[in-house]
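Residues per chain are reported as follows:
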Amino acid sequence: MVNSVVLVGRAGQDPEMKYFESGKVKTTFSIAVNRWDYKTKEETTDWFNIELWDKLAEISGEYVKKGKQVAIDGKLASSKWTDASGSQRERFFIRATNLRLLSGGKVQE
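The model shown is predicted, which means the values in this text are computed figures rather than measured ones. (Residues numbered from 1 in each chain as written. Predicted model: local features only at pLDDT ≥ 70, side-chain atom pairs only at ≥ 80, totals over all residues. Heavy atoms only, no water.)

## A look at the overall build of the protein
Next, step 1: Secondary structure summary: the protein contains 1 helix and 6 strands in total.
Next, step 2: Its helices and strands taken in sequence order, the protein reads β-β-β-β-α-β-β from the N to the C terminus.
Next, step 3: With respect to the principal axes defined by its C-alpha atoms, the protein has extents near 45 × 35 × 35 Å.
Next, step 4: When each of the 109 residues of the protein is scored for burial, the buried share is 31%.
Next, step 5: For the protein, long-range pairs separated by at least 24 residues make up 56% of all intrachain contacts whose partners lie at least 6 apart in sequence.
Next, step 6: Mean positive and mean negative side-chain charge positions of the protein (18 and 15 charges, respectively) differ by 3 Å. (Helix = DSSP H or I, 4+ residues; strand = E, 2+ residues; numbered from the N terminus. Buried < 20%, exposed > 50% of the residue type's maximum accessible area, 1.4 Å probe, protein only. Contact = heavy atoms within 4.5 Å. Lys, Arg positive; Asp, Glu negative; His and termini not counted. Charge placed at Lys NZ, Arg CZ, Asp CG, Glu CD.)

See the structure below:
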């Protein structure tokens, strides 16, 4: 079995860092990945939520900025919970294992 994801896109916002009492660090941000839609004959954008931990989280928190092009290697992961109304909820995201900062592109400040 294989669970492997490789994405190249642009950061949709500056990363959000969260520090835990245990000393762990988690950073999250989204990336936009453009692709050609053969049905509509237009370029379309897919959005992916990215989660990074520990040293990789610290690096991304410092160097990734909105609009910056990045390459992500990771795994598809999910999180399940019960919301305030009692409904079961689930979200999918990419848990990154590698991050590459790519040159080019306008970085929004």
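There is more to say, and it comes next.
## Focus on the nonpolar core
Next, step 1: By size, the foremost hydrophobic cluster in this structure holds 17 residues, and its most contacted members are Phe-29, Ile-31, Ile-50, Leu-52 and Ile-72.
Next, step 2: Per-element accounting of this core gives the leading share, 4 residues, to strand β3 (residues 25-37). (Core = buried A, V, L, I, M, F, W, Y, C linked by side-chain atoms within 4.5 Å.)

## With respect to the environment of Asp-14
Next, step 1: Inspection of the secondary structure puts Asp-14 in the loop between β1 (5-11) and β2 (16-19).
Next, step 2: Looking at Asp-14, the relative accessible area reads 41%, which means it is partly exposed.
Next, step 3: Each C-alpha atom, one on Asp-14 and one on Lys-68, is 9.2 Å from the other, the two residues being 54 residues apart in sequence.
Next, step 4: For Asp-14, the residues in contact, after removing those within four places along its chain, are Lys-65 and Lys-66.
Next, step 5: Within polar-contact distance, the side chain of Asp-14 engages the backbone nitrogen of Lys-66 at 2.7 Å. (Polar contact = N/O pair within 3.5 Å; in protein donor to acceptor, adjacent residues only side chain to side chain.)

In short, geometric facts, not functional conclusions.
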